[in-house]
Amino acid sequence: MAALDGVKRLVFKIGSTLLVDRETGELRIDWLRGLAADIAEQKVQGRDVIVVSSGSIALGRRVLGLDDGALALEQSQAAAAVGQIRLAQAYEEVLGPLNIKTAQILLTLEDSADRRRYLNSRGTMAELLRLNVVPIVNENDSVATDEIRYGDNDRLAARVAAMAGADMLVLLSDVDGIYTADPRNDKKAKHIPLIEEMTEGLMAGAGDAGTGLSKGGMRTKLLAAEVAMGAGCAMIIMEGDQQRPLKRLHEGTKHSLFKARHNPMDARKNWISGMKPKGQVVIDQGAMDALLSGKSLLPVGVKQVNGAFDRGDMVEIIDQTGRVHARGLIRYDAAEAGQICGVRLTDLEQKLGHVGRGAMVHRDDMVV
């Protein structure tokens, strides 16, 4: 069975050492063209694809003439600002001729920690995928300070996979998987092809060494695996420095697979179910029938709202007798939700004074 069989939504992460030549600081365009061919093949097979890409600082520092070695925060931010536009152009250059549309998304840790920003980012990504676009995601190094940085794109990739509801994350790395010890220092180290549970021994044996331009070591990859597995997303670590790496993966190249604990939707619903409700939404019978058939909750079926809640908070969805039928993340704050009770989608803009979001609680953010 091939590693990507059954995968519907794929996220893969590319490290700086794969994208940027360590000696010249130039983009490795031939390798990137091979990866573009891999992306096109994944799209033909019907998969959604999201790319989490490092490389902006590595590209920008050479343009600015900054020396090798550690950079001050301001220098890193300046290099990222210069490099980001070149990175986006590179992906457009290799994917455009293959009739693949691309979009750039820049994230910081705050975008996943703050619920409103999380919903905004998730909504944007979902719409791009619906429109058959390949999002190219990077940390927003040009504005992020030490306090709001992910710090490495391994963990960023895991958060993106969780946010997007992906079922597979592939880390294209400078190693071909997980070993019982560092194989560079221990000749007895054994490759581990399958990891079903994270253990203290696994974390202890990982070390924390990074290589070259990369900030992430093996420990950051294991932390990323923990996030992904908990979100219902399997994860693969494989050697990325080979032509057509995803094709090589399909052909059986050596890798380590971390098995997901749930499927993405179950993991998300468990997360929602564990949240404390901040309010209630009272619905009519028509809305109840719609929910039971798997549809989103629209404002027209809402009779009233109770409580003080913000957009992104979890609310209980109840019938007019007070019985709880569902829980979900609401897309309006209490004031706006109260304004649009019973309002049809065509009248939302007139009622609110701006374009509304449609569903009050989307089916993907709901546990019935």
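For the structure given in this document, a descriptive report is provided here.

Cut-offs used in this document
Residues numbered from 1 in each chain as written. Predicted model: local features only at pLDDT ≥ 70, side-chain atom pairs only at ≥ 80, totals over all residues. Heavy atoms only, no water. Pairing = 2+ DSSP bridges. Helix = DSSP H or I, 4+ residues; strand = E, 2+ residues; numbered from the N terminus. Patch = residues over 30% accessible without salt bridge, like charges linked within 9 Å, V, L, I, M, F, W, Y side chains within 5 Å. Areas by Shrake-Rupley, 256 points an atom, 1.4 Å probe, with all protein chains shown as cover. Salt bridge = Lys/Arg side-chain N within 4 Å of Asp/Glu carboxyl O. 1 Å grid on protein atoms, 1.4 Å probe; cavity = no way out; pocket = protein on both sides within 12 Å on 5 of 7 lines; lining within 4 Å. Points joined across faces, edges and corners; volume = space filled by probe spheres on them. Nonpolar A, V, L, I, M, F, W, Y, C, P; charged D, E, K, R; others polar. Buried < 20%, exposed > 50% of the residue type's maximum accessible area, 1.4 Å probe, protein only. Polar contact = N/O pair within 3.5 Å; in protein donor to acceptor, adjacent residues only side chain to side chain. Contact = heavy atoms within 4.5 Å. Expected span 1.5 Å × (residues − 1).

## Comments concerning the sheet that holds strand E8 (residues 194–195)
- Read from one edge to the other, the open sheet built from eight strands follows the order E3-E4-E2-E1-E5-E9-E10-E8, with strand pairing classed as mixed. Each edge of the open sheet is held by one strand with a lone partner, namely strand E3 (101–107) and E8.
- In terms of strand pairing, strand E1 (residues 9–14) meets strand E5 (residues 168–173) through five bridges, oriented parallel. Bridge pairing in E5 places Ile14 opposite Leu172.

## Topic: a nonpolar patch on the surface
- Among the surface-exposed residues, Leu298, Val300 and Leu345 lie close enough to one another that they form a single nonpolar patch of about 220 Å² accessible area.
- Relative to the assigned elements, Leu298 resides in the loop between helix H12 (285–292) and strand E12 (302–306).

## Notes on unusual backbone geometry
- Residue Asn99 is not a glycine yet carries a positive backbone phi of 60°.
- Looking at the secondary structure, you find Asn99 in the loop between helix H4 (73–95) and E3.
- Despite not being glycine, Arg244 shows a phi value in the positive range, around 55°.
- Relative to the helices and strands, Arg244 is located in the loop between strand E9 (234–239) and helix H10 (245–250).

## Concerning the layout of surface pockets
- Its boundaries defined by the atoms lining it, the largest pocket holds a volume of some 1,200 Å³.
- Along its surface, the largest pocket is lined by 38 residues, and Tyr118, Arg122, Ala162, Met163 and Arg268 are the ones closest to its centre.
- Elements supplying a minimum of two residues to the lining of the largest pocket: helix H5 (109–113), helix H6 (115–130), helix H7 (153–164), helix H9 (218–230) and helix H11 (264–273).
- For the lining of the largest pocket, the class distribution of residues is 16 nonpolar, seven polar and 15 charged.

## Looking at the sheet that holds strand E15 (residues 366–367)
- Strands sit in the order E12-E11-E13-E14-E15 across an open sheet of five strands; the sheet is mixed. Every interior strand has two partners, whereas the edge strands, E12 and E15, have only one.
- Note: strand E14 (residues 324–329) against E15, two bridges, orientation antiparallel. Opposite Arg327, over in E15, you have Val367 as the bridge partner.

## Quick notes on empty space enclosed by the protein
- In total, this model carries one cavity of 30 Å³ or more according to the counting rule given.
- By volume, the largest cavity amounts to about 40 Å³.
- Residues belonging to the lining of the largest cavity are distributed by class as follows: one nonpolar, three polar and two charged.

## Considering the side chain of Gln42
- Summarising the element assignment, Gln42 is placed in helix H2 (residues 29–44).
- Relative accessible area serves as the criterion here: at 4%, Gln42 is assigned to the buried category.
- A polar side-chain atom of Gln42 sits 2.7 Å from a polar atom in the side chain of Arg47.
- Residues within four places of Gln42 in sequence aside, it is in contact with Leu4, Leu10, Arg47, Val49 and Leu246.

## What about the environment of Gln104?
- Tracing the sequence through the fold places Gln104 in strand E3.
- In this structure, the C-alpha to C-alpha distance between Gln104 and Ala359, residues 255 residues apart in sequence, is 26 Å.
- Discounting residues that sit within four places of it in the chain, Gln104 has contacts with Gln84, Ala88 and Ile136.
- Side-chain polar atoms of Gln104 contact the backbone oxygen of Gln84, separated by 3.5 Å.

## Remarks on H9
- With 13 residues, H9 should reach 18 Å at 1.5 Å per residue; the first-to-last C-alpha distance of 19 Å fits that figure.
- Along H9, the residues classified as buried are Met218, Thr220, Lys221, Leu222, Ala224, Ala225, Ala228 and Met229.
- Phi for Gly232, located one or two positions after H9, is positive at around 85°.

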